[in-house]
Every structure is written in C-alpha cells, then in structure tokens.
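Examining the three-dimensional arrangement
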Amino acid sequence: MEKKTGGKVWLVGAGPWDAGLFTLKGKALLESADVVVYDKLVGQGIMAMIPHHVKKIPVGKTAGFHPVPQREINQILLDEALAGKRVVRLKGGDPFVFGRGGEELELLCQHRIPFEIVPGITSAVAVPAYNGIPVTHRDFCSSFHIITGHTKKSESAEIDYGALVKLDGTLVFLMGVTAMPKICKGLLDAGVDPDMPAAVLEQGTTAHQRRIIASVKTLPEKAEKAGIQTPAVIIVGRVCALEKEFHWAEDRPLGRLKIAVTRPRDRGSVLAEKLAFLGAEVVLMPAIQTVAIEDNQTLYEALDRVRDYKWIVFTSAAGVEAFYQAMTNRKKDIRSLAGLKFAVIGTGTKKAVEKRGIFTDLMPDVYSGAALGQALAKIAEPGDRILIPRSAIGTEDVIRPLREAGLLLDDIPVYDTLEAEDGPLWDESIDYAAFTSASTVRGFVKRNPDLDYSKVRAVCIGEQTAAAAREKGMRVTVSEKATIDSMVEAFLELAL
Ligand code: SAH
C-alpha cells in the first residue's frame, strides 16, 4: 500500500519531440508536479507545459556540460521523494526503451518510495512513422527489433549480427550514429543483402527532421557526407523503400518551419493551434504577460454609473477580461450593462465579449485602433459618453478621432503589460518569430537582450508591430491584415 502522505515519483515518457505526441496523463502530471527532473531529448513544447513555480532539474547532457551520473540522478529522485515531493522524472521517448528507467526504479524500490510509470511514444517507432516508414508491413516483414548501438560496457555494442540477419525483420538501431559503419559492416559480414534498403533519420518529429535513404552498403558514406548527427534512428529493412510513397511530415504546408509564438501564455493558443495544424513546430515563447490592475477604484466608479455611458470600447481580449473581473469584484452581472453598445477592435476581442453573453455593435473592417476610433466617431452622437477600459500603455490612435468628434471619453487603464518571467528563449534553430503587438516585440527584446536581432526573422501583425521589430534590426514580414488568419497566410507564403 502507498503511504498517504509523502513523496512519489512518476517515470514519464515524453515521446520523441513533437509536443502533440505527449500523453494526456504526462501533461496532467507536469501540471501538478513539485519537481521535474528532465533529460536533454525532451521536446521544447513539452518543457513549456511545466508551470513556472515547478522546480526544474536538468540531468541530461548539454553542450559543454557532462551529464549527471546515473547514480546521482537516482539519488536526486530519492531525496526529492523523501522530502515529500511529487517528482516527475521526464525522459525522451519511452522510459523503458533504452531509457534506464529500470535503473532509476531500483533505489526507489529499496526505500519503498511509491512510483508510477507513464509510457511514452518511443522514437524507435515514431521517428520512422514521421518519415513515412512503417516499421512493419505484411508484404515485407513479420517482426521488428529495437537494438542499441551503444551499451553500458563499451562504446559500440557487442551485437550478434548473425542472429539479427536470420530474424529477417525490420531492425531499428537507437544511439547508433557513431557506430553506424560498424553496424552496417556487421550486417554485411553476417550475409545481409548489400542492397537491403536502410535509412538514417535525424531529429525525427521536428520541423528540421532529415532522412538519408540508402542501402546497407551505402548508408555510412551517405550519412557522413550529409553530416548526420545524433539524435538519429537507423532503420534497416525493406520497409525503408516505402518512404518514397508515404513521406508526409515535411509536405504539410508549414511542415518545415519552426515558429516561436510570442503572445501571452493564455492568449497564444489560437495562432499556435492554427500553425501546428498546418504542420509547423510551434514553440510557445510568451514575451509579455498582462496583469489586471487590482482594486481599480477608477474602474469601480465607472461601473457604479455605467448607464451614463452610451458605448463601451474594447481594444483587446485582456481588456475584456480585466473589465469583467472588476464587474465580478463589484458584484455586478451583465444585466447592469443593459442598453449599452459595444465596439471592438477585431475578431479576438469580439469573441471575448461574446463569450460573456453580449453581441457587439461595431467592429471596423481594418483591425486597428485608428480605424476603430474613426468608425465609432462616425456613428456616435456628439455628447455621447464612451468608456474605454484598456491597457495602461495604450496609444492615442483610438482616442484621437473620438476626441476630435467631441465625444466624452473615459479612458481607463485596466491592465498592465509586463515582460514574461519565464519560458523558452530564442535559439537559432527557430525559423520565425510571430509578433502580434509592438509590446510582444519589446518583451521579446527584454527577454533576449544580447541577440543579434538581424538574425531574427519576424512576422508581424501590422505596421505598428512591424515598426517596433524593424527598429531592432529584425528582418520583417508584415501580414496583409491585422488578423490571426492573415498572419497564418503570411507564414504559408513564406513557406512556399
Ligand atoms: N527512450 C528513448 C530512447 C533513448 S536512447 C525512446 O524510447 O525513444 C536515445 C536515442 O533515441 C538517440 O540516440 C536516438 O537514436 C533516438 N532518438 C530519440 N529521439 C529522437 C529523435 N527525435 N529523432 C531521432 N532519433 C531519436
């Protein structure tokens, strides 16, 4: 029986990289963990699911650093569990497929620490799949075998190639890049057909995955020429030839792009989802966070006499949320807004208002502050009072036309825009950064202060955002319209 209190360890497989291949159970565990002990080969998108407050302990090999010795990893898991923590041990692929999962459990068992295993999708199967290679096919083989090219005892494994060749199944080698010449020679010496199809699949399930298709005889040379590096899966068998017909991952419209989405964590999802649906590898890289102004007396007073207003104008979903939060704090529901009209800057804001049970009355054709101000100035009547609950750093764009039209404005800050506190930073494997406001550009720059920005290719939602990115020297593409769909269009064009 498990002890009711006290710590516990979950050994969780993260899959090969693509965050979409992570299990629901794994995600739920990350969200409720106290500590996550993780390896190098865990996908960025999965790391981004770990909440800010969770302690993260890296134990994998990273450039310049040696990996933490296995004994020490075992000890970390034990110590954290003994301290009463919920510990997630997060590993690439499946924890029991050459993942040393077994070794990590031994010490826990000795100390009667409760644990659970959450299997992951192994790279041995998923990486071939993402390259259009089914590990089995009834016309070609009736088994597949997963072999390590690297054992505990020696650099390259002592493999019984004769036995492997006799099996006549698909052979999948993990950790085999260095030993590739030895592996292929071993198979040839054991009598495998030299023309037997073989492949090496690098960085599978990422936007930059590469495959070399060859024969057992030619694979090492071709792989070396192409500069194939770890992590890569070697696969030997007639099924490799099916790739010609079944390749698919990089054929998706955005299948070769890795895109950083810089929107705030709680608002990034629509753009990120659309890009991922089109095949992009998306890195959620929130550059800013919006924080509702607490105990906002100015807003409370406006709410107390809200019927004095003719219009409420929202320029962002964050503004809508902060406004309704204040309504709740003030114990007012939407009935108090009866008779008011609502103007919104664009579809995202419109949706946020509709979610609260109110259909909007005005949205400009062009989604910009100036267009919204002009449209409203045209239909409002002189003397109408207008409430604008918005960002504390909002520009004059929306205000100017309204003021010029002689309308009475209450421009009330309801949230602050701060730079994000955590999340991944820019790295050169990323092809594009998507910016949906000038403040996301500024937040990005604050979080990545020493970058050579001329290396950052930015896709920006409108001219204002583009100007902020250009000012930093970024290479800028501007979406035609200031909408998420138009951003997606811009990426589709860039991918052509
Ligand atoms: N437990 C992991 C394997 C760990 S061994 C699993 O089930 O997938 C590490 C090896 O896995 C690497 O050397 C490489 O051969 C393979 N590998 C892991 N991720 C990979 C990826 N994204 N692309 C190609 N090979 C990968």
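Our subject in this report is the structure included herewith. Sequence order as written defines the numbering, with residues in each chain counted from 1. Where totals are concerned, whole chains, interfaces and linings use all residues; where local detail is concerned, this predicted model gives features only for residues with pLDDT of at least 70, and gives and counts side-chain atom pairs only at 80 or more. Remark: hydrogens and water are excluded; side-chain values derive from all non-hydrogen atoms of the structure.

**Side note on the pairing of strand β14 (residues 311-314)**
- In this scheme, a residue with accessible area under 20% of its type's maximum is buried, one over 50% is exposed, and one in between is partly exposed, where area comes from a 1.4 Å probe on protein chains only. Secondary structure follows DSSP: runs of H or I at least 4 residues long count as helices, runs of E at least 2 residues long count as strands, and numbering of each begins at the N terminus. Taking every second residue as pointing to the same face, both faces of β14 are buried, with Trp 311 and Val 313 on one and Ile 312 and Phe 314 on the other.
- By definition, two strands form a pair when at least two bridges between them are found by DSSP. Examined bridge by bridge, β14 and strand β15 (residues 341-344) share four bridges and lie parallel to one another. In the strand pairing of β15, Phe 314 is matched with Val 344.
- Following the backbone out of β14, through helix α12 (residues 317-329) and into the adjacent parallel β15, one traces a crossover that is right-handed. When the strands point away from the viewer, a crossover counts as right-handed if the path from the first strand over the helix to the second runs clockwise.

**Description of helix α11 (residues 297-304)**
- Every buried residue belonging to α11 is among Leu 299, Tyr 300, Ala 302 and Leu 303, and all of these are buried. Projected onto a plane normal to the axis of α11, the buried residues spread over an arc of 160° and lie on a single side. It is the directions from the helix axis to the C-beta atoms whose arc is reported.

**Quick notes on the site of the ligand**
- Around the ligand, the surrounding shell holds 19 residues, and the nearest of these are Val 97, Thr 122, Ser 123, Gly 204 and Ala 232.
- Polar contacts, as counted here, are pairs of nitrogen or oxygen atoms within 3.5 Å of one another; within protein the pair requires one atom able to donate a hydrogen and one able to accept it, and residues that are adjacent in sequence qualify only if both atoms are side-chain atoms. Interatomic distance of 2.8 Å between a backbone N/O atom of Gly 204 and a nitrogen atom of the ligand.
- The protein chains hide 91% of the 550 Å² of surface that the ligand would expose on its own. Whether a residue is near a molecule or strand is decided by its heavy atoms; if any one of them lies within 4 Å of it, the residue is near. We get accessible surface area from the Shrake-Rupley algorithm with a probe of 1.4 Å; when it comes to residues, only the shown protein chains can shield them.

**So, the sheet that holds strand β1 (residues 8-13)**
- Spatially, five strands are ordered β3-β2-β4-β1-β5 in an open sheet, and the strand pairing comes out parallel. Pairing within the sheet leaves two strands with one partner each, and these edge strands are β3 (55-58) and β5 (115-118). Mean inter-strand twist for the sheet, computed between neighbouring axes without regard to direction, equals 15°.
- Where β1 lies against β5, four bridges are found, and the strand directions are parallel. The residue of β5 that forms the bridge with Val 12 is Val 118.
- Contacting β1, β2 (35-38), β3 and β4 (86-91), helix α3 (residues 70-82) crosses the sheet at an angle of about 155° to β4. Axis geometry follows a simple rule: fit a line to the C-alpha atoms, using only the stretch in contact for helices, then measure angles between N-to-C directions, giving values from 0 to 180 degrees. Contacts are residue-level and defined by heavy atoms, with any inter-residue pair within 4.5 Å sufficient.

**Re the packing of aromatic side chains**
- The pairing test for Phe, Tyr and Trp rings, Trp by its six-membered ring, is centres within 6.5 Å, and the orientation test on the planes gives stacked under 30 degrees, edge-to-face over 60, and tilted for anything in between. This model, assessed by the stated rule, comprises seven aromatic pairs.
- Counting every residue linked through ring pairs, the aromatic cluster contains Phe 314, Phe 323, Tyr 324 and Phe 342.
- Across the ring face of Tyr 432, the terminal group of Arg 457 is positioned such that the distance to the ring centre comes to 4.5 Å. For a lysine, the NZ atom is tested; for an arginine, the CZ atom; a charge sits over a ring if that atom is within 6 Å of the ring centre and within 35 degrees of the ring normal.

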